[in-house]
Amino acid sequence: MEGEADVVSTIIPKDPLEGVELVEPTIKISQSSHTFMDAQIHFQIIHLKDSFYLWIGTGLPKMGQLSLAFTTPFDSVPSVSNITDPSMEQFSNALALRLAKRLKKPIYVSCALSQNSPMMQVFLEKQVMKELSL
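Conventions and cut-offs
Residues numbered from 1 in each chain as written. Predicted model: local features only at pLDDT ≥ 70, side-chain atom pairs only at ≥ 80, totals over all residues. Heavy atoms only, no water. Helix = DSSP H or I, 4+ residues; strand = E, 2+ residues; numbered from the N terminus. Contact = heavy atoms within 4.5 Å. Pairing = 2+ DSSP bridges. Axes fitted to C-alpha atoms, helices over the stretch in contact; angles between N-to-C directions. Core = buried A, V, L, I, M, F, W, Y, C linked by side-chain atoms within 4.5 Å. Buried < 20%, exposed > 50% of the residue type's maximum accessible area, 1.4 Å probe, protein only. Expected span 1.5 Å × (residues − 1). Polar contact = N/O pair within 3.5 Å; in protein donor to acceptor, adjacent residues only side chain to side chain.

The next subject is the side chain of Ser 51. Looking at the element boundaries, Ser 51 is found in the loop between strand 2 (39-47) and strand 3 (52-58). Once residues lying within four places of it in the same chain are set aside, the contact partners of Ser 51 are Ile 46, Lys 105 and Pro 106.

Read from one edge of the open sheet, six strands run 1-2-3-6-4-5, paired in mixed fashion. Edge positions in the open sheet fall to strand 1 (28-36) and strand 5 (75-82), since each of these has one partner strand only. The sheet shows a mean angle of 15° between the axes of neighbouring strands, direction not considered. Bridging between strand 3 and strand 6 (residues 107-112) involves six bridges; their strand directions are parallel.

Let's shift gears to the nonpolar core. Formed by 24 residues in total, the largest nonpolar core has its most connected members in Ile 41, Leu 54, Ile 56, Leu 99, Ile 107, Val 109 and Leu 124. Counting only elements with at least two residues in this core, the list comes to strand 2, strand 3, helix 2 (91-103), strand 6 and helix 3 (118-131). Among the elements that line this core, the one with the most residues is helix 2, at six residues. Within the second largest apolar cluster, five residues are counted, among which are Ile 46, Tyr 53, Trp 55 and Ala 112.

To continue, consider helix 3. Counted at 1.5 Å a residue, the expected span for helix 3 with its 14 residues is 20 Å, and the 20 Å between its end C-alpha atoms agrees. Along helix 3, the residues that are buried comprise Met 120, Phe 123, Leu 124, Glu 125, Gln 127, Val 128 and Met 129. Along its buried surface, helix 3 packs onto strand 1, strand 2, strand 3 and helix 2. Immediately downstream of helix 3, the backbone of Ser 133 shows phi near 60°, a positive value.

So, on to the pairing of strand 2. In this sheet, strand 2 lies alongside strand 1 in antiparallel orientation, the contact comprising nine bridges. If you follow Thr 35 over to strand 2, its bridge partner there is Gln 40. Between the antiparallel neighbours strand 1 and strand 2 lie two residues, among them Met 37 with a positive phi of about 55°. With seven bridges connecting them, strand 2 and strand 3 associate as antiparallel partners. Note on strand 3: the bridge partner recorded for His 42 is Gly 57. Between strand 2 and strand 3, which pair antiparallel one after the other, the connecting turn spans four residues.

By secondary structure assignment, the location of Arg 98 is in helix 2. Since its relative accessible area comes to 33%, Arg 98 is described here as partly exposed. Spatially, the C-alpha atoms of Arg 98 and Val 80 are 9.9 Å apart, while their sequence positions differ by 18 residues. Residues in contact with Arg 98, not counting those within four places in the same chain, are Phe 91 and Glu 125. Within the local environment of Arg 98, its side chain forms a polar contact with the side chain of Glu 125, the two groups lying 2.7 Å apart.

Written out as structure tokens, the structure reads:
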């Protein structure tokens, strides 16, 4: 019996958190809505430790085209790719590219817009810059 206690004590540490470093959560979610002409546009930004996820949409919340952009040491222009459908309209790619360049962090951008004009794109980018305090 005495030998069994020694085996159990070596398998189960006395302090289960021994050697584990506790860290504070590094996620922050911000949401806002703005009106452009007669369209209500919703924004959600998820601030992660080393990246961002941006969703912009009108109407019901749904995933739109999704792009990823990130800087590389090989080029001054960030790499960008449309993850969901490469044949879709490229506003999310363009926005992700400009944001990754300014933030110097990877950013996912999803756009689910019922309309998309050049004027709206300028408005959206300005609002995102304000939300990110750039």
